[in-house]
Amino acid sequence: MTEHSIEQPVEVRGSGGADNGVNPSESLLKVRNLRTSFFTEDGIVNAVDNVSFDVRAGEALALVGESGCGKSVTASSIMRLVAPPGRITGGEIRFKGRNLADLSEREMRKVRGDDIAMVFQEPMTSLNPVFKIGAQLAEAIRIHRDVSKKEARRMAGEMLELVSIPDPIKRLDDYPHQLSGGMRQRVMIAMALSCEPDLLIADEPTTALDVTIQAQIMELLAHLQKKLGLAVLLITHDLGIVAEFCERVLVMYTGRIVEEAPVRELFANPGHPYTRGLLESLPSLTASAAGVARLPTIKGMVPSLLSLPDGCKFNPRCPDVMDICLGNEPALMAISQGHAARCYLHGDQADMERIAAERRLPAAVDQGRGQESRASKGVLSPGGVQPVPEGRGL
């Protein structure tokens, strides 16, 4: 093992296919140079900044990082659910060859739920408290399937049975408050899978649940992924879940991808000091037996996106900071096949595309402020501000 190898705290899932990297030609979802910005009174915040990655059919891909690193905004951008004052300002989101950023809101509604579905963190805020579970499931089915109310209810019962809810037909007539947190999350998973999507985005689906229920939900997702051939994009801060469930990992920091690798490679040889810090902060039975009183922590806090440091954005918190880290931002540099990190420990390649973008930024900001004053809502483009229908991200 290398100098920075981390003891694996849990059994790490292996995948021969993932270890060879992702073949873009086999990708179900291709995100390229995605930027999502929020136009605030204090300035423009790029919550997702030039992010690129692929998800292939049947793959479980994790997106990890501290709170505020851009994980959930990335998911919302893919679903085109970014609310004002935020909007997608650059890049492509290609699903089965179509750029979702170019679709109208009406076209996008056909994609949501049918092709791509999402499970959110807190099911109680996603379920309508005044409608019965069966009615909400049936509505989701009838939006995308030409079936009668009776047939939709029958399908809803089958979906509850699929996610292992006991006495599913009876539960169709329950209200959300009558179910436990774990059962509500199962209902959300059933709703997400009711129209057989190809991609499921799970945004921290176990955050609000206790440890026992977390394990049950993740076992359920793993079973359904294998049974239905789903591609899953799992957003989480729990590396233990990542190790057991996923094949590849993307690590985000300040809206950027700072490392990507197969799970086994990431745990054995983390290439970015930020990733190493996340792994070292995991509880270890070995450390406890050795009498280690406190877990290591990453010093400091995630910086404000309005006042990011020059150079590598992790340099104020990095234990390995060098002079080169204070100049230009590093590029994503290859470490091994399928493994890359945005760190000068692996070379001296700067991110030239970002450097060029930063040089253009002052003029773009001035132009954006002027256009924002003339239009309450729109898309910045060479032709001016283009009106955006309500609910659209681009």
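Quick notes on the rules
Residues numbered from 1 in each chain as written. Predicted model: local features only at pLDDT ≥ 70, side-chain atom pairs only at ≥ 80, totals over all residues. Heavy atoms only, no water. Buried < 20%, exposed > 50% of the residue type's maximum accessible area, 1.4 Å probe, protein only. Helix = DSSP H or I, 4+ residues; strand = E, 2+ residues; numbered from the N terminus. Pairing = 2+ DSSP bridges. Expected span 1.5 Å × (residues − 1). Contact = heavy atoms within 4.5 Å. Axes fitted to C-alpha atoms, helices over the stretch in contact; angles between N-to-C directions.

> What should I look at first to understand the pairing of strand E2 (residues 43–56) in this one?
Each regular strand shows side chains that alternate between the opposite faces of the sheet. The buried count for E2 comes to 12 of 14 residues, which makes it a mostly enclosed element. In terms of strand pairing, strand E1 (residues 27–40) meets E2 through 10 bridges, oriented antiparallel. Directly across from Phe38, in E2, lies its bridge partner Val45. Two successive antiparallel strands, E1 and E2, enclose a turn made up of 2 residues.

> What am I meant to see in helix H6 (residues 149–162) here?
For an α-helix the count is 3.6 residues per turn, leaving residues at separations of three or four pointing the same way. Look at H6: 20 Å from first C-alpha to last across 14 residues, which is about the 20 Å you get at 1.5 Å a residue. For H6, every residue scored as buried is listed here: Ala152, Met155, Ala156, Gly157, Met159 and Leu160. Remark: Ser164 follows H6 within two positions and exhibits a positive phi of approximately 65°.

> Is there a simple way to explain the sheet that holds E1 in this structure?
Neighbouring strands of a sheet are bound in pairs by backbone hydrogen bonds; such pairs are parallel or else antiparallel. As summarised here, the arrangement of the 4 strands in space is E2-E1-E4-E5, forming an open sheet in which the pairing is antiparallel. Looking at which strands have only one partner, the edges of the open sheet turn out to be E2 and strand E5 (98–99). Note: E1 against strand E4 (residues 86–95), 8 bridges, orientation antiparallel. Within E4, the position partnered with Leu29 by the bridge is Phe95. In the packing of helix H2 (residues 71–79) onto the sheet, contacts are made with E1, E2 and E4, and the angle to E1 comes to roughly 110°.

The values reported here are purely geometric and, on their own, carry no functional implication.
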